[in-house]
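Next come the chains, spelled out residue by residue.
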Amino acid sequence: MKVSVIIDGQMVQIEQGAPIIDAAKKAGIFIPTLCYHEALKPYGSCCLCIVEVIQDGQRRLVTSCNFPAAVGMEIFTNTARVRQSRRMIVELLLVRCPDVPLLQTMAKQMGTGLSRFKTREANECILCGLCVRFCEEVVGVGAIGLANRGVDREVATPFKMASDVCIGCGSCTYICPTGCIKMVSDRKTPNLRSLKMGNCSLVPCPNSYQCETCQIEQEFFKDIKRVIAEFRSKGQ
Ligand code: SF4
Ligand code: SF4
Ligand code: FES
């Protein structure tokens, strides 16, 4: 069933229960995101996609990538409160990752520069979880996860050991918005490349990333195409 919502003064119709970000897309309104990807389940961790809504007479801030649109909802994507909240989120992310170009560009676009807060130890991972969820939900492997809490939170393989389930498909490197996971060459055997993320090593590719001739890669892409076709057939 479709519901009508008003977003920045435009009325649009979207599926009941679909996230607010779908209404924004339909209305051609850009909402910045970091942890959202349309092929993955909503995660709602970065809060950058924050918008203001009026629902049942109450006005409040919600994350648009996972908050369901409802009948009669009024949505505002660019109020002073929204802009201020997004600036604060980017500044806080810059504390953890001051050298990440994506965050620097976003900060500039939002009219803020260097973070007011003190950097503890520079990191490239913004903890968006895209790599973890892609590996789990699309590749179907689950070789990496988010470990530890607070400032020590990080993406890692179980016990930070070389993974024996990672197939070396490289999807995590493609989807990472900060370039934090890299393919690196083995110094002793330059043809053998592996994936590096901080201290964590993923299994070297058995075919040295010669993807065109790789059986695993071909099967992987066949699966990806099937997943995308299923996803589209559900009308999402
Ligand atoms: S390279 Fe390994 S960790 Fe990365 S998505 Fe593929 S299977 Fe998962
Ligand atoms: S490694 Fe990249 S994709 Fe994974 S959580 Fe960190 S920033 Fe996100
Ligand atoms: S994009 Fe919505 S919470 Fe990250």
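This one's a predicted model, so the numbers in the text were calculated from it and none came from an experiment. (Residues numbered from 1 in each chain as written. Chains lettered and ligands numbered in written order. Predicted model: local features only at pLDDT ≥ 70, side-chain atom pairs only at ≥ 80, totals over all residues. Heavy atoms only, no water.)

**Brief notes about the overall build of the protein**
The test is simple: Only DSSP runs of H or I with at least four residues qualify as helices, and only runs of E with at least two residues qualify as strands; both kinds are numbered from the N terminus onward. Buried, partly exposed and exposed residues are distinguished by accessible area as a fraction of the type maximum, computed with a 1.4 Å probe on protein chains only: under 20%, between the cut-offs, and over 50%, respectively. Any pair of residues with heavy atoms lying within 4.5 Å of one another is described as a contacting pair. Working definition of accessibility: Shrake-Rupley area with a 1.4 Å probe, residue cover restricted to the visible protein chains.
Helix and strand counts for the protein come out as six helices and ten strands. Counting over 236 residues, the protein shows a buried share of 42%. Considering only contacts within the protein whose residues lie at least 6 apart along the sequence, 49% involve residues at least 24 apart. Taken as a whole, the protein presents about 13,700 Å² of accessible surface, with 53% of it coming from carbon and sulfur.

**Points about the state of the cysteines**
Short version of the rule: A pair of sulfur atoms, both from cysteines and within 2.5 Å, is called a disulfide here.
A complete count under the given rule lists zero disulfides for this structure. Just so you know, Cys-97 is unpaired, no disulfide at all, and the nearest cysteine sulfur is the one on Cys-125, 6.8 Å from it. Its relative accessible area of 0% is what places Cys-97 among the buried residues.

**Describing empty space enclosed by the protein**
Note the cut-off: Cavities and pockets are found on a 1 Å grid laid over the protein atoms alone: a cavity is a set of points where a 1.4 Å probe fits but cannot escape, a pocket is an open set with protein on both sides within 12 Å along at least five of seven lines, and a lining residue has an atom within 4 Å of such a point. Grid points are joined across faces, edges and corners, and a volume is the space filled by probe spheres set on the points.
One pass over the structure, following the stated rule, counts three cavities of 30 Å³ or more. Around the second largest cavity sit 14 residues that line it, and Cys-125, Cys-128, Cys-131, Val-155 and Cys-176 are the ones nearest its centre.

**Here's the deal with helix H3 (residues 101-109)**
Going by this rule: The directions from the helix axis to the C-beta atoms are what the arc is built from.
When H3 is considered as a whole, its buried residues turn out to be Leu-103, Met-106 and Ala-107. Projected down its long axis, H3 carries its buried residues within an arc of 100°, all on one side. In H3, those exposed residues whose orientation departs by more than 90 degrees from the buried face are Pro-101, Lys-108 and Gln-109. Buried-residue contacts for H3 involve helix H2 (80-96). Directly after H3, the chain includes Gly-111, whose backbone phi takes a positive value near 80°.

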